[in-house]
Amino acid sequence: MKDKVNEITISYKERIPAPFWRKINSSQDAADLLFQHWDKRTIQVQESFKVVLLNNSNKVKGIYQLSKGGITGTIVDLRILFAVVLKSLSVAIILTHNHPSGTLKASEADRKITEKIKKAGEFLDIKVLDHLIITPNGEYYSFADEGIL
């Protein structure tokens, strides 16, 4: 058994053909898509962190929920985040999380994790296009629009 190792297989299954992928042209496009796909039963209860996976034409390959936390925060594990991004062969991402309180303000922790992800993405040649904070009423805050990203 010492000479044996586990084999790892990586796969990505496309259920919607590429010509039908939704294109993101603005923060509003991304916010509308994300709010539409957010569980309305929990958006004002607990914070979740998701990533929108994009191809080089900014078409959405998918949305992945990275974590679900408590009332005031959730954990973002960069290793899992980039494992998903790399596995899906995405070249750009949009980060997002919700603020159950409805506050449209980025916390210092929000800014730090965004910068950390952006730096890791640059190393892997993956663009972080935006980080959106979504509120229960559908409003949003865009790091890119505010010049933070």
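As shown above, the structure is provided for reference.
Residues numbered from 1 in each chain as written. Predicted model: local features only at pLDDT ≥ 70, side-chain atom pairs only at ≥ 80, totals over all residues. Heavy atoms only, no water.

Caption draft 1: Quick look at the side chain of His97. Among the secondary structure elements, His97 is positioned in strand β3 (residues 92-98). Owing to a relative accessible area of 1%, His97 belongs among the buried residues under this scheme. Engagement of the side chain of His97 in a polar contact is seen with the side chain of His131, the distance being 2.8 Å. In this structure, His97 is in contact with Trp38, Glu47, Ser48, Phe49, Asp110, His131, Leu132, Ile133 and Ile134, ignoring residues within four places of it in sequence. (Helix = DSSP H or I, 4+ residues; strand = E, 2+ residues; numbered from the N terminus. Buried < 20%, exposed > 50% of the residue type's maximum accessible area, 1.4 Å probe, protein only. Polar contact = N/O pair within 3.5 Å; in protein donor to acceptor, adjacent residues only side chain to side chain. Contact = heavy atoms within 4.5 Å.)

Caption draft 2: Fine view of the sheet that holds strand β1 (residues 48-54). Spatial strand order, β2-β1-β3-β4-β5: 5 strands in an open sheet with mixed pairing. Strands with a single pairing partner mark the edges of an open sheet, and in this sheet they are β2 (60-68) and β5 (140-142). Taking each pair of neighbouring strands and ignoring which way they run, the sheet shows an average axis angle of 20°. Alignment of β1 against β2, held across 7 bridges, turns out to be antiparallel. Bridge pairing in β2 places Ser48 opposite Lys68. (Pairing = 2+ DSSP bridges. Axes fitted to C-alpha atoms, helices over the stretch in contact; angles between N-to-C directions.)

Caption draft 3: A look at helix α1 (residues 27-37). Turning to α1, its buried residues number three or more, namely Ser27, Ala30, Ala31, Leu33 and Leu34. In a view along the axis of α1, the buried residues occupy a sector of 165°, so they form one face of it. Residues of α1 that are buried sit in contact with β1, β2, β3, β4 (127-134) and β5. (Arc of directions from axis to C-beta.)

Caption draft 4: How the structure looks around the nonpolar core. With 16 residues, the main nonpolar core has Val76, Leu81, Phe82, Val85, Ile93, Leu95 and Ile117 as its most contacted residues. Sorting the residues of this core by element identifies β1, α2 (78-87), β3 and α3 (108-123) as the ones contributing at least two each. Per-element tally for this core: the top contributor is α2, with 5 residues. For Phe82, the contacting residues outside a window of four places in its chain are Ile117, Ala120, Gly121, Leu124 and Ile126. Core analysis: the second largest hydrophobic core is formed by 14 residues, Ala31, Leu34, Val52 and Ile94 among them. (Core = buried A, V, L, I, M, F, W, Y, C linked by side-chain atoms within 4.5 Å.)

Caption draft 5: α3, seen in detail. Between its first and last C-alpha atoms α3 spans 23 Å; for 16 residues at 1.5 Å apiece the expected length is 22 Å, and the two agree. Three or more residues of α3 are buried, namely Asp110, Ile113, Thr114, Ile117 and Gly121. Considered in projection along α3, the buried side chains sweep an arc of 105° and stay on one side of the axis. Seen from the open side of α3, the exposed residues pointing more than 90 degrees away from its buried face are Lys112, Lys116, Lys119, Glu122 and Phe123. Looking at the packing, one finds that the buried side of α3 touches β1, α2, β3 and β4. At the exit of α3 stands Asp125, carrying a positive phi of roughly 60°. (Expected span 1.5 Å × (residues − 1).)

Caption draft 6: Spotlight on the pairing of β1. Of all 7 residues making up β1, 7 are buried, and the element is well covered by its neighbours. Residues of β1 alternate between two faces, with Ser48, Lys50, Val52 and Leu54 on one and Phe49, Val51 and Leu53 on the opposite face, all of them buried. Two successive antiparallel strands, β1 and β2, enclose a turn made up of 5 residues, where Asn58 displays a positive phi of approximately 60°. Of the pairings in the sheet, the one linking β1 to β3 comprises 6 bridges and is antiparallel in character. From the neighbouring strand, Lys50 faces β3, where its bridge partner is Thr96.

Read these as spatial facts, not as claims about activity.
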